[in-house]
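# Coordinate analysis (summary)
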Amino acid sequence: MTTLAVPAARFTDLLAAEWIKLRSLRSTYWAFGCGALAVVGFNANAARADYVNFPHYGGPIRESFLYWALRDAFTEGAAMILVLTCAGIGAITIVGEYATGLVRTTFTAVPDRRALMAAKVVVLTAVMTAFGAIVAGASYAVSQAILDGRGLGVPISHPGAWRVVAASALLAPVCALVGMGMGALIRHSATTMVLTTGVLLLLPSFVTERYHWTACVRNALPFNAWVRLVDVGYGHEPFTLVEKYPTTVAGGWVVFAVWAGVAAVVAVVAVDRRDV
Amino acid sequence: MIEVEQLTKRYGSTTAVRDLSFTVRPGHVTGFLGPNGAGKTTTLRMLLGLVEPSGGTAMVSGRSFRRHPRGLRHVGALLDAHDVHGGLSARAHLQALARSNRIPKGRVDEVLAEVGLTGSAARRRVRTFSLGMKQRLGIAVALLGDPPVLMFDEPLNGLDPEGVLWVRGLFRRLAYEGRTVFVSSHLMSEMENTADELIVIGRGELIAAESLVQFAARGTAPTVTVRSPDAGALAVVLAAEGAVVTPYDEVALKVDGLDAVRVGELAHQHRVPLWELATRTASLETAFMELTADSVEYVAGEPR
């Protein structure tokens, strides 16, 4: 019997293995392709509508149209599609393994489950950040190019414009990690998707800012953090509503970071402990 | 080498495995037998660190398997042929696993060739595979790291006769190479031509751990069948030697209490011509059924 020499275990091997799995699945391309088209299409359509309607807009809107142009760069509808797509992809990376039974084969090959899950977290974060950057960048470019037809496009160098792109791009990895964390806890496809959608998309509309504590919950949700981050005119633009309990840009970034961090830790720990 | 000691697994009030101890030595194909629900799969999962034991230890090569950061070079396992993502091709599945354990790419093609999944089959998505092809892929995964210990859970399910022959030859070769080969099954007939050592469990408890030969001897004592044109005379001779002779028909006799050697000698001494002389061992299946009769979890046909 000639047993191969056992080389030291390297984390980069796990990253490469996860990458092979992701890029070998046909469904990956469909999910990313359809998600990107829908998001960019939604934003382009918002810009087109403003382009068409601009002649009918009154003075106040025309004066502050800069903020409208920046809102067209990434609309709430597009953000919802992005959240749904990314949470779904994040959830499927782990639930897919449990549902097919592949997880047992994977854990037999890599008994160090923490390292394995950490690799999944890193690959998912990297891929989703790239995806987010592409759709947010493309949305900005397309929407402003359309508005440029009336000379209304906002250059990316404008104060706050980068924040619209960055916050929208980072919404992708944040929601993907939340999906993965929920998937690791629930391990069942349909239940994971229902609960993840509930937390990321439904909860923001159910929780009011009537009381201090509900406002705290509201402001701590990733979707609301995104809404605040892309609101370049927050506080000084006539058409934005400033809430009773105002929030800050820094607070928005913190919400993003905490959700992503906690979800990543949950994914690693939950999977490490339980029988499969 | 696999060492299981006082291994126990409880799920709530049910005990799947109770105080199980056995050793599986290298250089043999060891069959792991038991009726459905006996705890075979749970035991294998505990050996692979997939399921945490409630008590006792399950060691592979002197270590708990989960202590290894990477597993494929230590243990090759096929638990369930369906444990694979249907959307991946056979090659992509193996490539990802090989990469995670830093196994050279060339090894993927080697094992694919070894199990007979070459050409277009390697590129097809696993979803389109038959059970037999999935078993072959699972065996390829187990072989990937060239490990000293191999475990297979019901590997013959879904294989065609050619596949069964191939698997048996493969197991024997792996054992001959000095590896530990541990194969579970709920059918004794599958083990009869595959294993030389047996671990038998029922309702999570050990029933027997011995060689196939010893196990076979547990069944009813062997009988001798003899056919002769002069069966009547032979019956008298054999009865005089103390055998219990039961005639099947005019020319054939069933002989209890004498072995074939003695029957042959007596026939020769008394110049009785023989047409046939054969030993009938009680089938292993019968021995297995008798032994596990008390521990069958699901009995069909009669109320319990």
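The structure displayed is predicted, hence computed values, not measured ones.

On to the overall build of chain A. The helix and strand inventory of chain A stands at twelve helices and zero strands. When the helices and strands of chain A are listed from N to C terminus, the series reads α-α-α-α-α-α-α-α-α-α-α-α. Principal-axis analysis of the C-alpha atoms gives chain A an extent of 85 × 45 × 30 Å. Within chain A, the fraction of its 276 residues that count as buried is 45%. At a minimum sequence separation of 6, the contacts of chain A that also span at least 24 residues come to 84%.

Scanning chain B for helices and strands turns up eleven helices and 13 strands. In terms of its C-alpha atoms, chain B occupies a principal-axis envelope of roughly 75 × 50 × 40 Å. A burial count over chain B gives 44% of its 304 residues as buried. The long-range share in chain B, meaning contacts at least 24 apart out of those at least 6 apart in sequence, stands at 69%.

Residue and element names in this part refer to chain A. Relative to each other, helix α1 (residues 11-24) and helix α7 (residues 113-148) sit at 55°, their axes nearing to 9 Å. Our classification of the angle between α1 and α7 gives oblique. Like other packed secondary-structure pairs, α1 and α7 cross with a definite hand, here right-handed. For the pair α1 and α7, the contacting residues are Phe-11, Leu-14, Leu-15, Glu-18, Trp-19 and Leu-22 in the first and Ala-115, Leu-116, Ala-119, Lys-120, Val-122, Val-123 and Val-127 in the second.

On to the sheet that holds strand β5 (residues 75-78) of chain B, then. Residues and elements named next belong to chain B. One open sheet accounts for six strands, arranged β5-β6-β7-β3-β8-β9; its pairing is mixed. The open sheet has two free edges, formed respectively by β5 and β9 (205-211), since each of these has just one partner strand. Each strand of the sheet is rotated relative to its neighbour by a mean of 15°, with strand direction disregarded. In the packing of helix α1 (residues 40-47) onto the sheet, the strands contacted are β3 (29-33), β6 (149-153), β7 (180-185) and β8 (197-202), and the crossing angle to β6 comes to about 150°.

Residues and elements named next belong to chain B. With respect to topology, three strands assemble into an open sheet ordered β2-β1-β4, the strand pairing being antiparallel. Here the strands that pair on one side only, and so sit at the sheet edges, are β2 (14-24) and β4 (55-60). Across the sheet, the mean angle separating the axes of adjacent strands is 20° when strand polarity is ignored. Pairing of strand β1 (residues 2-11) with β4 involves five bridges; the strand directions are antiparallel.

Moving on to the interface of chain A and chain B. Taken residue by residue, the interface counts 32 residues in chain A and 39 residues in chain B. Secondary-structure elements contributing two or more residues to the side of chain A that touches chain B are α1, α2 (26-53), α5 (76-100) and α6 (102-109) of chain A. Per-element accounting of the side of chain A that touches chain B gives the leading share, seven residues, to α1 of chain A. Residues belonging to the side of chain A that touches chain B are distributed by class as follows: 17 nonpolar, eight polar and seven charged.

The next thing to look at is the UniProt feature "transmembrane region" (unreviewed entry) in chain A. UniProt annotation of "transmembrane region" (unreviewed entry) refers to residues 29-47, 78-100, 121-142, 162-186, 193-213 and 250-271 of chain A when read in the numbering used here. For the annotated span residues 250-271 of chain A, helix accounts for 100% and strand for 0% of the residues, and the straight-line distance between the end C-alpha atoms is 32 Å.

Our next topic: helix α2 (residues 90-100) of chain B. Quick reminder: α-helices carry 3.6 residues per turn. Residues three or four places apart thus point the same way. All names here are of chain B. For α2, the tally of buried residues reaches ten of eleven residues, placing the bulk of the element in the interior. Every buried residue of α2 is listed here: Ala-90, Ala-92, His-93, Leu-94, Gln-95, Ala-96, Leu-97, Ala-98, Arg-99 and Ser-100. Following α2 by one or two positions, Arg-102 has its phi on the positive side, about 50°.

Let us now look at the environment of Pro-222 of chain A. Its location among the elements puts Pro-222 of chain A in helix α11 (residues 222-229). Taking the C-alpha atoms as reference points, Pro-222 of chain A and Arg-113 of chain A, separated by 109 residues in sequence, lie 28 Å from one another.

The subject of this paragraph is the packing of α5 of chain A against α6 of chain A. Residue and element names in this part refer to chain A. Orientation of α5 relative to α6, taken along the N-to-C sense of each, is 100°, at an axis distance of 5 Å. Looking at the two axes, α5 sits roughly perpendicular to α6. Facing α5, whose interface residues are Glu-97, Tyr-98 and Thr-100, α6 presents Leu-102, Val-103 and Thr-106. Class assignment of the residues belonging to the contact of α5 with α6 gives a composition of three nonpolar, two polar and one charged.

Turning next to the pairing of β7 of chain B. Residue and element names in this part refer to chain B. Most of β7 sits out of view: six of its six residues are buried. Here β7 shows two buried faces, one formed by Thr-180, Phe-182 and Ser-184 and the other by Val-181, Val-183 and Ser-185. Pairing geometry for β6 and β7, over five bridges, is parallel. Residue Val-149 lies in a different strand from β7, and its bridge partner there is Thr-180. In this fold, β6 hands off to helix α6 (residues 161-176), which returns the chain to β7; that crossover is right-handed.

Turning to the confidence of the model for chain B, a few remarks are in order. Per-residue confidence for chain B gives a mean pLDDT of 91, with 96% of residues at or over 70. Reported for the predicted complex are a pTM of 0.87 and an ipTM of 0.90.

With that out of the way, let us pick up helix α5 (residues 131-143) of chain B. With 13 residues, α5 of chain B should cover 18 Å at 1.5 Å per step; its first-to-last C-alpha distance of 18 Å lies within 8% of that length. Burial of α5 of chain B is extensive: eleven of the 13 residues sit out of reach of the surface. The set of residues buried in α5 of chain B consists of Met-133, Lys-134, Gln-135, Arg-136, Leu-137, Gly-138, Ile-139, Ala-140, Val-141, Ala-142 and Leu-143 of chain B. Where α5 of chain B is buried, its residues meet α6 of chain A together with β5, α2, α3 (106-115), α4 (120-123) and β6 of chain B.

Summarising the element assignment, Glu-250 of chain B is placed in the loop between β11 (244-247) and β12 (252-256). For the pair Glu-250 of chain B and Gly-158 of chain B, spaced 92 residues apart in the sequence, the C-alpha separation amounts to 44 Å.

So, on to unusual backbone geometry. Residues and elements named next belong to chain B. Here the phi dihedral of Asp-19 falls at roughly 50°; this positive angle occurs in a residue that is not glycine. The topology assignment puts Asp-19 in strand β2. A tally of 14 C-beta atoms within 10 Å means that Asp-19 is categorised as partly exposed. Unlike most non-glycine residues, Ser-61 shows phi in positive territory, near 50°. With respect to the helices, strands and loops of the structure, Ser-61 is situated in the loop between β4 and β5.

Cut-offs and rules
Residues numbered from 1 in each chain as written. Chains lettered and ligands numbered in written order. Predicted model: local features only at pLDDT ≥ 70, side-chain atom pairs only at ≥ 80, totals over all residues. Helix = DSSP H or I, 4+ residues; strand = E, 2+ residues; numbered from the N terminus. Buried ≥ 20, exposed ≤ 12 C-beta atoms within 10 Å, placed from the backbone. Contact = placed C-beta atoms within 7 Å. Axes fitted to C-alpha atoms, helices over the stretch in contact; angles between N-to-C directions. Parallel < 35°, antiparallel > 145°, perpendicular 65-115°, else oblique. Left-handed = near helix turned anticlockwise from the far one by under 90°. Pairing = 2+ DSSP bridges. Nonpolar A, V, L, I, M, F, W, Y, C, P; charged D, E, K, R; others polar. UniProt positions renumbered as here; feature names shortened; annotations may be inferred. Right-handed = clockwise from strand over helix to strand, strands pointing away. pLDDT = per-residue confidence, 0-100. Expected span 1.5 Å × (residues − 1).

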